[in-house]
Amino acid sequence: MGLVFMPVTSRMFRGFDDNGWMFSKVLAVAVCGYAQWLLACLKITPFTGITCVILTVICCLGSLLYGIKCKNRFPDSLPWKQAALVYRKEILLMNTKTEGNTFTKKIGQTVYVVRYHFNEDSKETMQEKINRMLVTEVSRMAMY
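Residues numbered from 1 in each chain as written. Predicted model: local features only at pLDDT ≥ 70, side-chain atom pairs only at ≥ 80, totals over all residues. Heavy atoms only, no water.

Chemist: Which parts of the structure should I look at to understand unusual backbone geometry?
Modeler: Most peptide bonds adopt trans geometry, and most residues besides glycine take a negative phi value. One non-glycine residue with positive phi stands out, namely Lys 43, at about 60°. Tracing the sequence through the fold places Lys 43 in the loop between α2 (21–41) and α3 (49–69). (Helix = DSSP H or I, 4+ residues; strand = E, 2+ residues; numbered from the N terminus.)

Structural data, given as structure tokens:
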């Protein structure tokens, strides 16, 4: 999805070295997800897997058509000159540890899966960390 959304992303993030490569995935998921949520809330479409797939295909086609309309050819929107930068970012995303450190919470019909990690070399307990974060946040709020 991120690859297909590159025509839109590269127009939005022209000044970035990678044409907004990292934002293309986020933009794709955000646009498709918001469109599906909005259509389901307005009771235009049901919130099912098949409607999500159909809407995702429509959004991807819209991105490609936008690229054609703006004369932004698809190969031109890809960050060819910054291939090493893109490669490092992709390796960073793929190298995240997913097993073990997750928990699931169901609220209503929605299931949230949260992944977390801690620095194993940390000298600070969780309570000390939370207290430090609270003190920092309060001091920031006092400045305003």
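Chemist: Hey, could you run me through the nonpolar core in this one?
Modeler: Most often, soluble globular proteins keep nonpolar side chains buried together rather than apart. One finds Phe 5, Val 8, Leu 27, Ala 28, Cys 32, Ala 35, Leu 55, Cys 59 and Cys 60 forming the largest nonpolar core, which totals nine residues. Elements that contribute at least two residues to this core include exactly α2 and α3. Sort the elements by how many residues they give to this core and α2 lands first, with four residues. Excluding residues that lie within four positions of it along the chain, Leu 55 makes contacts with Cys 32, Ala 35, Gln 36 and Leu 39. (Core = buried A, V, L, I, M, F, W, Y, C linked by side-chain atoms within 4.5 Å. Buried < 20%, exposed > 50% of the residue type's maximum accessible area, 1.4 Å probe, protein only. Contact = heavy atoms within 4.5 Å.)

Chemist: I tried to follow the side chain of Thr 51 on my own but got confused; where do I start?
Modeler: Topologically, Thr 51 is positioned in helix α3. In this structure Thr 51 comes out as buried when scored by relative accessible area, which is 15%. Of note is the side chain of Thr 51, whose polar atom sits 2.8 Å from the backbone oxygen of Pro 46. Here Thr 48 takes part through its backbone oxygen, which lies 2.9 Å from a polar atom of the side chain of Thr 51. If we ignore the near neighbours within four places in the chain, the residues touching Thr 51 are Gln 36, Thr 45 and Pro 46. (Polar contact = N/O pair within 3.5 Å; in protein donor to acceptor, adjacent residues only side chain to side chain.)

Chemist: Help me understand the packing of α2 against α3 in this model?
Modeler: How two helices pack is summed up by the angle between their axes together with the distance between the axes. Their axes nearest at 9 Å, the elements α2 and α3 cross at an angle of 130°. Between α2 and α3, the interaxial angle falls into the category oblique. In this structure, α2 crosses over α3, and the sense of that crossing is right-handed. Counted together, Val 31, Cys 32, Ala 35, Gln 36 and Leu 39 of α2 and Thr 51, Cys 52, Leu 55, Thr 56 and Cys 59 of α3 form the full contact between these two elements. When the residues that make up the contact of α2 with α3 are grouped by side-chain class, the tally is seven nonpolar, three polar and no charged. (Axes fitted to C-alpha atoms, helices over the stretch in contact; angles between N-to-C directions. Parallel < 35°, antiparallel > 145°, perpendicular 65-115°, else oblique. Left-handed = near helix turned anticlockwise from the far one by under 90°. Nonpolar A, V, L, I, M, F, W, Y, C, P; charged D, E, K, R; others polar.)

Chemist: What am I meant to see in the environment of Leu 64 here?
Modeler: Structurally, Leu 64 is set in helix α3. Taking the C-alpha atoms as reference, Leu 64 lies 8.1 Å from Val 8; in sequence the two are 56 residues apart.

Chemist: When you look at the pairing of strand β2 (residues 110–115) in this model, what are you seeing that I'm missing?
Modeler: Looking along a regular strand, one sees the side chains alternate between the two faces of the sheet. Sheet topology places strand β1 (residues 102–107) next to β2; six bridges connect them, and they run antiparallel. From the neighbouring strand, Thr 102 faces β2, where its bridge partner is Arg 115. Where β1 hands over to β2, the hairpin turn is made up of two residues, of which Gly 108 adopts a positive phi near 65°. (Pairing = 2+ DSSP bridges.)

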